[in-house]
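# Structural overview
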Amino acid sequence: MCRLLAYIGSSVSLETLISEPEHSLVVQSYQPREMLSGVVNADGFGVGWYNLIKDNNPFIYKNTLPIWNDVNLPSLSRYVESDNILAYVRSATAGQALDLSNSQPFQYDNLLFIHNGRIDQFRQTLYRPIRSILSDEIYNWISGNTDSEHMFAMVLNYLLANPGKSIAQALHLALIELNQLAQKFQTYALANLIISDGKSIIASRYATKSPAPSLYWLKNAENLPNSVIIASEPLFNGDWNACPENSIISVGEDCEIRIEQI
């Protein structure tokens, strides 16, 4: 069911999060501890990061190989440093194509998006209902066929229709609408979502039917001062906190954590 993480704080190398910890994202790809379904996350991976001095838009590296089989990633992750990072290993839902158009992170302008969870029987239930509520711009932006990309499209739809709303507000509204659609079409959705604009991280731990997938946050780890990590599973020993179910977690450049119930 995928594993993911997000980081904001002092600049660190990608390998600090992806491969160095004892329960790194690489380890979680083949030995996850808290997945609700599936055994391994071997259907590709992706990493997105920001360098706002160079560009407001993010940089992305992704592959359909298992993360442990990518020979380029170790060198890349030693070289690249960032103060805002999203990363993800994929366990593809049956019937969804294993190609780059379905690989995360997804990007729209300066926004990055990753997702852990699923919409049950997505193609048979919410595929067309979600597409029917989208603006032409967001409808045409979708390039793959995953439930994940369609959830991101719902958030984008609110952001573009309501320019004054924050990412957290748009995410909140999208999740409420997702719940309404799930009830109407007799399905359920697991929606641990993380969105970044390079200056903040907005995450949800959400399910229309409990339990929600696992999600934790950690502030000011011993070796990572002035930082916040949000992850599906703890990467190392520390004072990790379980995110409340059906909540939105917002973290800005000040690394202050704000949590609101949905």
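As the structure is a prediction and not an experimental result, all values here were calculated from the model. (Residues numbered from 1 in each chain as written. Predicted model: local features only at pLDDT ≥ 70, side-chain atom pairs only at ≥ 80, totals over all residues. Heavy atoms only, no water.)

### A short note on the side chain of His-115
Filter applied, for reference: Under the scheme used here, helices are H or I runs from DSSP no shorter than 4 residues and strands are E runs no shorter than 2 residues, and both carry numbers assigned from the N terminus. N or O atoms within 3.5 Å of each other form a polar contact, as long as, within protein, one can give a hydrogen and the other can take it, and as long as residues adjacent in sequence are counted only when both atoms are side-chain atoms. By definition in these notes, contact holds between two residues if any of their heavy atoms fall within 4.5 Å.
By secondary structure assignment, the location of His-115 is in strand β6 (residues 111-119). A distance of 2.6 Å separates polar atoms of two side chains, one belonging to His-115 and the other to Ser-148. Here the side chain of His-115 touches Leu-190 through a polar contact of 3.0 Å, landing on its backbone oxygen. With residues up to four places along the chain from it excluded, the contact list for His-115 reads Cys-2, Leu-4, Tyr-88, Gln-104, Ser-148, Met-151, Leu-190, Ala-191, Asn-192 and Leu-193.

### A closer look at helix α7 (residues 167-184)
An α-helix turns once every 3.6 residues. As a result, residues three or four positions apart point the same way. So the rule is basically this: One less than the number of residues in a helix, times 1.5 Å, gives the span that helix is expected to have.
In this model, α7 (18 residues) spans 26 Å end to end at C-alpha, consistent with the 26 Å of a helix rising 1.5 Å per residue. One or two positions beyond α7, positive phi appears at Gln-186, with a value near 55°.

### Some thoughts on the sheet that holds strand β5 (residues 106-108)
The condition is simple: Strand pairing requires that DSSP identify at least two bridges connecting the strands. All axes are obtained by fitting lines to C-alpha atoms, using only the stretch in contact for helices, and the reported angles, taken between N-to-C directions, cover 0 to 180 degrees.
With antiparallel pairing, six strands are arranged side by side in an open sheet as β5-β6-β7-β8-β12-β13. Each edge of the open sheet is held by one strand with a lone partner, namely β5 and β13 (257-261). Taking each pair of neighbouring strands and ignoring which way they run, the sheet shows an average axis angle of 20°. Taken together, the five bridges between strand β8 (residues 201-205) and strand β12 (residues 247-251) define a ladder with antiparallel strand orientation. The residue of β12 that forms the bridge with Ile-201 is Val-251. Sheet strands in contact with helix α6 (residues 147-161) are β5, β6 and β7 (189-196), and its direction is about 130° off that of β6.

### Digging into the nonpolar core
In plain terms, the rule: Note on terminology: a nonpolar core comprises buried Ala, Val, Leu, Ile, Met, Phe, Trp, Tyr and Cys residues joined through side-chain atoms within 4.5 Å. Burial here depends on accessible area, computed with a 1.4 Å probe over protein chains only, as a share of the maximum for the residue type. Under 20% is buried, over 50% is exposed, and the range in between is partly exposed.
In terms of nonpolar packing, the biggest core is built from 35 residues, with Ile-119, Trp-141, Phe-152, Leu-156 and Leu-178 touching the most fellow members. Among the elements of the structure, β5, β6, α4 (127-132), α5 (136-141), α6, α7 and β7 are those that each provide at least two residues to this core. In terms of residue count, the dominant contributor to this core is α7 (eight residues). Other than its neighbours up to four places away in sequence, Leu-156 contacts Tyr-108, Leu-111, Ile-138 and Trp-141. Among the nonpolar cores identified, the runner-up in size contains 27 residues, and Val-12, Leu-25, Val-26 and Ala-231 belong to it.

### Concerning the pairing of strand β1 (residues 3-13)
Among the 11 residues of β1, nine are classified as buried, and the element is accordingly described as predominantly covered. One ladder, built from eight bridges, connects β1 with strand β4 (residues 81-89); its direction is antiparallel. If you follow Ser-13 over to β4, its bridge partner there is Glu-81. Relative to strand β10 (residues 224-231), β1 is paired through five bridges, and the arrangement is antiparallel. The partner of Ala-6 across the bridge, within β10, is Ile-230.

### Observations concerning α6
In this model, α6 (15 residues) spans 21 Å end to end at C-alpha, consistent with the 21 Å of a helix rising 1.5 Å per residue. For α6, the tally of buried residues reaches 12 of 15 residues, placing the bulk of the element in the interior. The set of residues buried in α6 consists of Asp-147, Ser-148, Glu-149, His-150, Met-151, Phe-152, Ala-153, Met-154, Val-155, Leu-156, Asn-157 and Leu-159. Looking at the packing, one finds that the buried side of α6 touches β5, β6, α4, α5, α7 and β7.

### Thoughts on the packing of α6 against α7
Rule in force here: Reported orientations rely on four angle classes, namely roughly parallel under 35 degrees, roughly antiparallel over 145, roughly perpendicular from 65 to 115, and oblique for the rest. Should the near helix be turned counterclockwise from the far one by less than a right angle, the crossing is left-handed, whereas a clockwise turn marks it as right-handed. Each residue is assigned to one class: nonpolar for Ala, Val, Leu, Ile, Met, Phe, Trp, Tyr, Cys and Pro, charged for Asp, Glu, Lys and Arg, and polar for all the others, Gly among them.
In the contact formed by α6 and α7, the axes pass within 8 Å of each other and the chain directions differ by 125°. Comparing their axes, α7 and α6 come out oblique. As α6 packs across α7, the resulting crossing turns out to be right-handed. Taken together, the residues of α7 that come into contact with α6 (itself represented by Met-151, Met-154, Val-155, Tyr-158 and Leu-159) are Ile-167, Ala-170, Leu-171, Leu-173, Ala-174, Glu-177, Leu-178 and Leu-181. Broken down by class, the residue content of the contact of α6 with α7 amounts to 12 nonpolar, no polar and one charged.

### Describing the pattern of salt bridges
Selection criterion: Each salt bridge in this description consists of a side-chain nitrogen of Lys or Arg and a carboxyl oxygen of Asp or Glu lying within 4 Å of one another.
Inspection of the entire model under this criterion finds four salt bridges. One salt bridge connects Arg-3 with Glu-233, and the closest N-O pair in it is separated by 2.8 Å. Of this pair, Arg-3 sits in strand β1 while Glu-233 sits in the loop between β10 and β11 (241-242), placing them 230 residues apart in sequence. With a relative accessible area of 0%, Arg-3 lands in the buried category. Between Arg-118 and Asp-120 there is a salt bridge; the shortest N-O distance is 2.8 Å.

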